[in-house]
Amino acid sequence: MERTIFTTTSSSSSPLPLRTPSSNPIRGSQFPPKLKLTRLKRSSSLGYDRNRRLVVTNASGSDGNGSVNGFSTNPHKIFTEEAIGAEYGEGFETFRSDGPLKVDVDFLNEKLQEGFLKRIRYAMKPDEAYGLVFSWDNVVSDTQTLKLKAWEQLASEEGKEIPGDGDAQRLLLYAGADHVLHKILLWEKEESELDRLTSRLSQLYYENLLKLSEPMDGLHQWLDAVYRSHIPCAVVSSLDRINMVEALERMGLRKYFQAIVSEEDGMESIAHKFLSAAVKLDRKPSKCVVFEDDPRGVTAAHNCTMMAVGLIGAHPAYVLGQADLAVASFNELSVINLRRLFAHKGSNFMDMQKQIIEKTPPRRKLTIDTIF
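Values in this document were obtained by computation on a predicted structure and should not be read as measured data. (Residues numbered from 1 in each chain as written. Predicted model: local features only at pLDDT ≥ 70, side-chain atom pairs only at ≥ 80, totals over all residues. Heavy atoms only, no water.)

1. Topic: the pairing of strand 7 (residues 131–135)
For a regular strand, side-chain orientation follows a simple rule: the groups alternate between the two sheet faces. Taking burial as the measure, the 5 residues of strand 7 include 5 buried ones, the bulk of the element. Residues Gly131, Val133 and Ser135 point to one face of strand 7 and Leu132 and Phe134 to the other, with burial holding for every one of them. Bridge count for strand 7 against strand 10 (residues 288–292) is 4 bridges, and the pairing is parallel. Each residue of the ladder has a partner; that of Gly131, found in strand 10, is Cys288. (Buried < 20%, exposed > 50% of the residue type's maximum accessible area, 1.4 Å probe, protein only. Helix = DSSP H or I, 4+ residues; strand = E, 2+ residues; numbered from the N terminus. Pairing = 2+ DSSP bridges.)

2. Some words on the packing of aromatic side chains
Counted under the stated rule, the structure contains 8 aromatic pairs. On the basis of an interplanar angle of 5° and a centroid distance of 4.6 Å, the ring pair of Phe134 and Phe291 is categorised as stacked. Of the two residues, Phe134 sits in strand 7 while Phe291 sits in strand 10, which places them 157 residues apart along the sequence. As far as the burial class goes, Phe134 and Phe291 line up, both buried. Clustering of aromatic rings is evident, with ring pairs tying together Phe134, Trp222, Phe257, Phe291 and Phe330. When the ring centre of Tyr227 is taken as origin, the NZ or CZ atom of Lys255, which lies over that ring, is 5.3 Å away. (Phe/Tyr/Trp six-rings, centres within 6.5 Å; stacked < 30°, edge-to-face > 60°. Lys NZ or Arg CZ within 6 Å of the ring centre and 35° of its normal.)

3. Structural notes on the pattern of salt bridges
Inspection of the entire model under this criterion finds 10 salt bridges. Between Glu82 and Lys273 there is a salt bridge, with its nearest N and O atoms 2.6 Å apart. Here Glu82, found in the loop between helix 1 (75–78) and strand 5 (92–96), pairs with Lys273, found in helix 10 (residues 270–281); they are 191 residues apart in sequence, far enough to count as distant. Accessibility expressed as a relative area gives 24% for Glu82, which makes it partly exposed. On the basis of relative accessibility, which here comes to 7%, the residue Lys273 falls in the buried class. Close ionic contact of Lys118 with Asp282 constitutes a salt bridge, the shortest N to O distance being 2.8 Å. Residue Lys118 is found in helix 3 (residues 116–124), and its partner Asp282 is found in the loop between helix 10 and strand 10; the two are separated by 164 residues along the sequence. (Salt bridge = Lys/Arg side-chain N within 4 Å of Asp/Glu carboxyl O.)

4. As for the environment of Thr299
With respect to the helices and strands, Thr299 occurs in helix 11 (residues 295–303). For Thr299, a relative accessible area of 24% puts it in the partly exposed group. Separated by 21 residues in sequence, Thr299 and Leu320 place their C-alpha atoms 9.8 Å apart. In this structure Thr299 touches Ile84 and Gln322, once residues within four positions along its chain are discounted. (Contact = heavy atoms within 4.5 Å.)

5. Overview of the side chain of Asp127
With respect to the helices and strands, Asp127 occurs in the loop between helix 3 and strand 7. Beyond its immediate sequence surroundings of up to four residues, Asp127 is in contact with Ser229, Ile231, Val335 and Arg339.

6. Comments concerning empty space enclosed by the protein
By the definition in use, this model includes 3 cavities of 30 Å³ or more. Within this model, the largest cavity holds a volume of roughly 400 Å³. Every element with two or more residues in the lining of the largest cavity is listed here: helix 1, helix 4 (143–158), helix 5 (166–174) and helix 10. A per-class count over the lining of the largest cavity returns 9 nonpolar, 7 polar and 10 charged. (1 Å grid on protein atoms, 1.4 Å probe; cavity = no way out; pocket = protein on both sides within 12 Å on 5 of 7 lines; lining within 4 Å. Points joined across faces, edges and corners; volume = space filled by probe spheres on them. Nonpolar A, V, L, I, M, F, W, Y, C, P; charged D, E, K, R; others polar.)

7. Let's talk about the confidence of the model for the protein
The pLDDT averaged across the protein works out to 76; a share of 70% of its residues lies at or above 70. Low pLDDT, under 50, characterises residues 1–73; the stretch is placed with 133 contacts to residues that sit more than four places away or in other chains. Between residues 346–355, whose pLDDT stays under 50, and residues either more than four places distant or in other chains, the model counts 2 contacts. (pLDDT = per-residue confidence, 0-100.)

8. A look at the sheet that holds strand 10
With parallel pairing, the 6 strands of this open sheet are ordered in space as 9-8-7-10-11-12. The two strands at the open ends of the sheet, each matched to only one other strand, are strand 9 (259–261) and strand 12 (325–327). If you compare each strand with its neighbour and ignore which way they point, the axes differ by 20° on average. Sheet topology note: the strand 8 (residues 233–236)/strand 9 ladder contains 3 bridges and is parallel. Residue Val235 lies in a different strand from strand 9, and its bridge partner there is Ile260. Contacts from helix 10 reach strand 7, strand 8, strand 9 and strand 10, with the element oriented near 160° to strand 9. (Axes fitted to C-alpha atoms, helices over the stretch in contact; angles between N-to-C directions.)

Put into structure tokens, the structure is as follows:
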């Protein structure tokens, strides 16, 4: 079901209809046998006609109701530490005409097995069998700088100061905004005032996001290399889809991502986002590689039976020790690295095996024969 939202543009006062997709990542009554998710269609009125692009409706970048560009912002999604998820291989639920369906890790690894023709194709072009999943935060874009800048701007507006020690800075990036305001910064205790500050913080973040135009160092070249190798890519984030797409277009990366997992997909944990990305890419999780900067994301990838490449930066190398590969920049990567990640992984690799103990033949009894 599509909804129509009316907002205004800078060039005209006439309402501009926008169509937004349903928030269910997999439509229950149309669950295909190969679990492909239909790519969300973009309205022709979005993005392409620059004269009719959505604009900020007042000088502060919001409409005064906690929204930017006509879409609500959720600070609890952006400034929070998400759950890892899939600790026991569990996934998310979707609905079909015959009842609910649980989509977990084992289910996807089984149902997304390659068909006969694909197996032949992947035998000739093995790189195409992989799927790459990129985290938005500090992997595709430098969101760490955006978040810290939003906190500094909020402190300046409120006449407050931000502590400069490392622990406080880390909490500003990964803890919930209301928790930081109430327990760490000790700014406010009233719930209504906390809601106002968290809403304003989110607005400032989105205003800074609108100015974002450069991806992480080396990412463009890496995506171009995997694009030429026909390896599908997905990006996962807590942002809404429209802001995500516009940010990717400003950075010149939109064509490289065949799938986007955004706030509208309604995924509750990091692992669920990765599983949703695997479904949209039509690749089983065990054939996907996740690019993450957070050790929690690395753990979520492993919970989903995915490989994990850790990007050193927001966290030091020793914190990303569980990653299958850790790099300081995308410039260090090549497509051959993907093949090496799966080089020792087969259908029986790391499975428990019975040790076969060979039975030694019985010893012959020595007797003394007397010859007369």
